[in-house]
Amino acid sequence: MHPEDSSQHSRLLGSVLSIQGALVLGHLLDRAFTGATPVMIGDLVGIEAGDRRVFGVVHSLRKGRRIDDKPLIEVHLLGEATRNAADDGLAFRRGVTVYPGLDALIHRATADEIRLVYAQPKLANVRIGTLRHDFTIPAYALVDGLLGKHFAILGSTGSGKSCAVTVILRAIIEAHPCAHVLMIDPHDEYGPAFGELAQRLDPSTLDLPYWLMTYDEIAAILAPARDERGYAEGAILKEAIYRARLAWAGPAAGSHITVDTPIPYRLSDLERLIEEAMGALDKPEGAAPYRHLLARLRGVRADPRYGFIFQALHVRDSMAAVLGRIFRIPVAGKPVTLIDISAIPSEVVDVVVSLLCRLAFEFGLWSDRSSMTPVLVVCEEAHRYIPSEGAPAFEPSRRAIGRIAKEGRKYGVSLCLVSQRPAELSPTSLSQCGTIIALRMSNERDQNFVRNVLPDGSEWLIRSLPALGTGEAVVIGEGVSVPMQIHFDALVPRHQPASQTPTFSRAWADEESGPEMLQDTIARWRHLRR
């Protein structure tokens, strides 16, 4: 027997029994189970199909109840290898054009064939880990496919989600140091992960002038009531903001000025216009909405928690400086902007997220196509801001993020949704993500939700989610050459996000630090300093 024939014989697993789309069902030889290296879930196999070889992943092994029932193998087809005319070598491509016939032989893929299927792409790519079943083979993400069509990172708490976000972003930034990444960090966990690569902004260093807000956004702060009184206050506020913007712009202002145009205006003008409108009332009993609105305006101006919004004593047109700082223009060695919203008052968190995401979209929308600066917006705990339809949410933030999901890629604005509760996410927004990176999920509701947004034929990947280890993931979509199960590269300790659960057994083994710790905690609490 020829050595090559002998090698193929030793790798023979069975033969094709049926083909349905990308699913191949085959008979298994007994030795496939009993051999030195039995076939396993996740193994790559090859099947002859005319002048080419088709490759697929084993996703199911089964046998009937009777002892004489033949074992069966289910294979999901990934793509095919053909001869490359340029160098007469083999080239792998995703998708199948020629299907294998019935009784075609199924072989275990060789090491060279595995490297061929999972080879480093020729397009711009970064390494993010290794194959789950073979740590010697690197796993690569396609940069433009990942960012150009949005991506989502989903997984239960403790599955390694934050580390996965860090690995992917650090890999992209190291390959592309002039990136522009805006990350909304709700728990202040990514500071250590990016270190000197990031500019960290919190309420003490963040500058988001009130006049950059749309009417809907500032009304959520100054006229938050959702009743008849709130409607009256909102109408008063809307007219006053419009007139205040006109007052700043001057008599030469064009008809393009609206209540939402990002033109500065003075809070003193706003207060004066509300007072003048109240003074023009025929009946004093109608002044209640005006008084409530003025009281709320004066209250937030005096509240130090709102200082990053209402702190300016002298209003100036700082829009270029604000946008340049948020979106890192120029990059100046810090391609990431971390917005720490953990210490922002809960009643305005949604407003801040809405403003940041809307600014990102409109920055891309109004940029010249020939010189636009692409921006990646990373939204941690995305289910808080774009929940499933019918769930309560702040409508402006839902609208801003949803608009990026639907239209952002046309204007160079990419979106990364990160969530440990996929079932609570908006399926409309998630379905716009061209790449899904799913870590361990044990909740059946979450699994079903992810199953519904993935393309047909992905069932074999969903089944593996509960069995994934920490730091392991299923990746499918435009961001990878072929669907794969990967193990993310390990992060060095100094690059790990601050998301680890405290070690109770170690902390409770010794007496705590006592009064000094209490005093330090109280000082941080009172001064809103993390």
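Overview of the structure. On a predicted model such as this, the values are computed, not experimentally measured, just so you know.

## Comments concerning helix H13 (residues 346-366)
Its 21 residues place the ends of H13 31 Å apart at the C-alpha level, agreeing with the 30 Å of an ideal helix rising 1.5 Å per residue. By the criterion of burial, H13 is predominantly enclosed, with 15 of the 21 residues buried.

## Things to note about helix H12 (residues 319-326)
For H12, every residue scored as buried is listed here: Val322, Leu323, Gly324 and Ile326. Looking at the buried side of H12, the elements it contacts are strand E11 (181-185), strand E13 (336-340) and H13. Directly beyond the C-terminal end of H12, a positive phi value near 55° is found at Arg328.

## Regarding the sheet that holds strand E18 (residues 484-488)
Read from one edge to the other, the open sheet built from 11 strands follows the order E9-E8-E18-E17-E16-E10-E15-E14-E11-E13-E12, with strand pairing classed as mixed. The sheet is open, and its two edges are formed by strand E9 (134-142) and strand E12 (198-201), each paired on a single side. Averaged over all pairs of adjacent strands, the angle between strand axes in this sheet comes to 25°, irrespective of strand direction. In this sheet, E9 lies alongside strand E8 (residues 125-131) in antiparallel orientation, the contact comprising six bridges. Bridge pairing in E9 links Val126 to Ala141. Running over the sheet, helix H5 (residues 161-175) touches E8, strand E10 (151-154), E11, E13, strand E14 (375-379), strand E15 (413-419), strand E16 (435-438) and E18 and is turned about 145° from E8. Along the sheet, H13 contacts E11, E13, E14 and E15; its crossing angle with E11, the most-contacted strand, is approximately 165°.

## Remarks on the pairing of E10
The alternating pattern of E10 places Phe151 and Ile153 and Ala152 and Leu154 on opposite faces, both of which are buried. Bridging between E10 and E15 involves four bridges; their strand directions are parallel. Bridging across to E15, Phe151 finds its partner in Cys416. In this structure, E10 lies alongside E16, joined through four bridges in parallel fashion. When the bridges of E16 are listed, Leu154 appears paired with Ala438.

## Notes on the nonpolar core
Of all hydrophobic cores here, the largest spans 89 residues; its most connected members are Ile221, Leu417 and Ile436. Element by element, the count of residues in this core is highest for H13, at 12 residues. Those residues in contact with Leu417 that lie beyond four places of it in its chain are Phe151, Ala152, Ile153, Cys379, Ala382, Ile386, Ile401, Ser429, Leu430 and Cys433. By size, the runner-up hydrophobic cluster in this structure holds 51 residues, among which are Ala164, Tyr190, Val336 and Leu439.

## Thoughts on the environment of His27
With respect to the helices and strands, the residue His27 is situated in strand E2 (residues 23-28). Considered as a pair, His27 and Lys70 are 43 residues apart in the sequence and their alpha carbons are 6.8 Å apart. Sequence-distant contacts of His27, defined by excluding residues within four places in its chain, comprise Leu13, Gly14, Ser15, Leu17, Lys70, Pro71 and Leu72.

## Things to note about the pattern of salt bridges
Opposite charge on two side chains lets them pair, provided their charged atoms get close. The full count for this structure, using the stated rule, is 31 salt bridges. For Arg115, the salt bridge goes to Asp112, with nearest N and O atoms at 2.6 Å. Of this pair, Arg115 and Asp112 are both found in helix H3 (residues 111-117), three residues apart, which corresponds to roughly one turn of the helix. With a relative accessible area of 54%, Asp112 lands in the exposed category. Note that Arg403 is salt-bridged to Glu407, the shortest N-O span being 4.0 Å. On the criterion of helical spacing, the pair formed by Arg403 and Glu407 is a turn pair, its members being four residues apart in helix H14 (residues 395-407). Assessed through its relative accessible area of 26%, Glu407 is described here as partly exposed. Shared partners join several salt bridges into a network, and the residues in it are Asp51, Arg52, Glu80 and Arg93.

## Description of the packing of aromatic side chains
The geometry of an aromatic ring pair comes down to the distance between the two centres and the angle between the two planes. Evaluated as defined, the whole model comprises six aromatic pairs. Note on Tyr210 and Phe310: the rings are 5.8 Å apart at their centroids and 15° apart in plane angle, and the pair reads as stacked. In this pair, Tyr210 sits in the loop between E12 and helix H7 (215-222) while Phe310 sits in helix H11 (residues 307-310), placing the two residues 100 residues apart along the sequence. By the burial criterion, Tyr210 is buried, and Phe310 matches it. For the pair Phe327 and Phe363, a centre-to-centre distance of 5.1 Å together with 20° between the ring planes defines the contact as stacked. Of this pair, Phe327 sits in the loop between H12 and E13 while Phe363 sits in helix H13; the two residues are 36 residues apart in sequence, bridging distant segments of the chain. Both residues of the pair, Phe327 and Phe363, count as buried.

## A look at the packing of helix H8 (residues 228-249) against helix H10 (residues 288-302)
Two quantities define a packed helix pair, namely the angle between the axes and the distance from one axis to the other. It is the contact of H8 with H10, at a shortest axis distance of 9 Å, that shows an interaxial angle of 70°. If you check the angle between H8 and H10, you find them roughly perpendicular. Note on element contacts: H10 touches H8 through Pro289, Tyr290, His292 and Leu293, opposite Arg229, Ala232, Glu233, Ile236 and Leu237. A breakdown of the residues in the contact of H8 with H10 according to their chemical character gives six nonpolar, one polar and two charged.

## Quick word on the pairing of strand E5 (residues 72-83)
With 11 of 12 residues buried, E5 lies mostly within the body of the structure. Here five bridges tie E2 to E5, and the two strands are oriented antiparallel to one another. Along E5, the bridge assignment pairs Leu25 with Glu74. As paired strands, strand E4 (residues 52-62) and E5 are joined by nine bridges and run antiparallel to one another. Within E5, the residue paired with Leu61 across the bridge is Ile73.

Calculation criteria
- Residues numbered from 1 in each chain as written.
- Predicted model: local features only at pLDDT ≥ 70, side-chain atom pairs only at ≥ 80, totals over all residues.
- Heavy atoms only, no water.
- Helix = DSSP H or I, 4+ residues; strand = E, 2+ residues; numbered from the N terminus.
- Expected span 1.5 Å × (residues − 1).
- Buried < 20%, exposed > 50% of the residue type's maximum accessible area, 1.4 Å probe, protein only.
- Contact = heavy atoms within 4.5 Å.
- Pairing = 2+ DSSP bridges.
- Axes fitted to C-alpha atoms, helices over the stretch in contact; angles between N-to-C directions.
- Core = buried A, V, L, I, M, F, W, Y, C linked by side-chain atoms within 4.5 Å.
- Salt bridge = Lys/Arg side-chain N within 4 Å of Asp/Glu carboxyl O.
- Phe/Tyr/Trp six-rings, centres within 6.5 Å; stacked < 30°, edge-to-face > 60°.
- Parallel < 35°, antiparallel > 145°, perpendicular 65-115°, else oblique.
- Nonpolar A, V, L, I, M, F, W, Y, C, P; charged D, E, K, R; others polar.

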